[in-house]
Amino acid sequence: MTHTWCLLSRKHSIENEKFLLQRRETLWHWIKTPSAVNKIKQLLKDKPEHVGLKVGVRTRGCNGLSYTLEYTKTKGDSDEEVVQDGVRVFIEKKAQLTLLGTEMDYVEDKLSSEFVFNNPNIKGTCGCGESFNI
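Please read these numbers as outputs of a predicted model, since none were measured by experiment.

What counts and what doesn't
- Residues numbered from 1 in each chain as written.
- Predicted model: local features only at pLDDT ≥ 70, side-chain atom pairs only at ≥ 80, totals over all residues.
- Heavy atoms only, no water.
- Helix = DSSP H or I, 4+ residues; strand = E, 2+ residues; numbered from the N terminus.
- Buried < 20%, exposed > 50% of the residue type's maximum accessible area, 1.4 Å probe, protein only.
- Contact = heavy atoms within 4.5 Å.
- Areas by Shrake-Rupley, 256 points an atom, 1.4 Å probe, with all protein chains shown as cover.
- pLDDT = per-residue confidence, 0-100.
- Phe/Tyr/Trp six-rings, centres within 6.5 Å; stacked < 30°, edge-to-face > 60°.
- Lys NZ or Arg CZ within 6 Å of the ring centre and 35° of its normal.
- Core = buried A, V, L, I, M, F, W, Y, C linked by side-chain atoms within 4.5 Å.
- Pairing = 2+ DSSP bridges.

A. Focus on the overall build of the protein chain. When its secondary structure is counted, the protein chain shows two helices and eight strands. In the protein chain, which comprises 134 residues, the proportion classed as buried is 35%. A separation threshold of at least 6 residues defines the contact pool for the protein chain, and within that pool the share at least 24 residues apart is 52%. Total accessible area on the protein chain stands at roughly 8800 Å², and carbon and sulfur atoms take up 52% of it.

B. Geometry of unusual backbone geometry. Positive phi, close to 50°, is recorded for Asp85, a residue that is not glycine. Mapped onto the elements of the fold, Asp85 is located in the loop between β3 (80-84) and β4 (87-91).

C. Summary view of the confidence of the model for the protein chain. Residues at a pLDDT of 70 or more form 65% of the protein chain, whose mean pLDDT is 76. Ranking the elements of the protein chain by mean pLDDT puts helix α1 (residues 2-28) last with 45 and helix α2 (residues 34-45) first with 93. In this model, residues 1-14 is a region of pLDDT below 50 whose contacts with residues beyond four sequence positions or in other chains number one contact.

D. The packing of aromatic side chains, seen in detail. Applying the stated rule across the entire model yields two aromatic pairs. Between Tyr67 and Phe117, the aromatic rings sit 4.2 Å apart at their centres with planes inclined by 20°, giving stacked as the arrangement. Of the two residues, Tyr67 is situated in strand β2 (residues 65-72) and Phe117 in strand β6 (residues 113-118); the sequence distance between them amounts to 50 residues. Seen from the ring of Tyr71, Lys47 lies directly overhead, with NZ or CZ sitting 4.9 Å from the centre.

E. Summary view of the nonpolar core. By size, the foremost hydrophobic cluster in this structure holds 17 residues, and its most contacted members are Ile40, Met104 and Phe115. For this core, the elements supplying multiple residues, two or more each, are α2, β1 (52-59), β4, β5 (103-108) and β6. Ranked by the residues each element gives to this core, the list is headed by α2, at four residues.

F. Looking closely at the pairing of β1. Within β1, six of the eight residues are buried, which leaves it mostly tucked inside the rest of the structure. By the bridge criterion, eight bridges tie β1 to β2 in an arrangement that is antiparallel. Bridging across to β2, Gly56 finds its partner in Thr68. As paired strands, β1 and β4 are joined by three bridges and run parallel to one another.

Structure below.
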């Protein structure tokens with residue numbers, strides 16, 4: 001019995017490692033647009049004590065969840081770090097599955113400028129676009 005458990009445990013461990021590697025590869029491609037990277041660089045330039053941005057989700061709005069962005073001075077123990085072109089973004093643990101495969105963009109037009117999250121996991125959004133559900 002012990003040997004069987006060890007073999008099953010090892011197989012489970014290998015499958016978990018494959019999943020984590022796939023998840024990290026997906027998260028690695030999380031920031032895609034040069035516009036988002038350039039805007040984050042610009043924002044951090046005036047804040048040398050901060051090492052990057054932290055992205056999360058919070059229960060909020062009429063549809064359940066909304067994104068959060070904040071400056072961070074350190075990487076949290078359970079944060080996933082995504083680095084692209086020298087820009088560091090940390091994804092909070094409870095947001096990691098929600099944000100798998102998400103593209104972060106920065107969009108400017110005559111009336112507004114904002115970070116936009118193109119998230120393939122979203123099942124619905126509210127009318128104003130401020131919250132979403134999965």
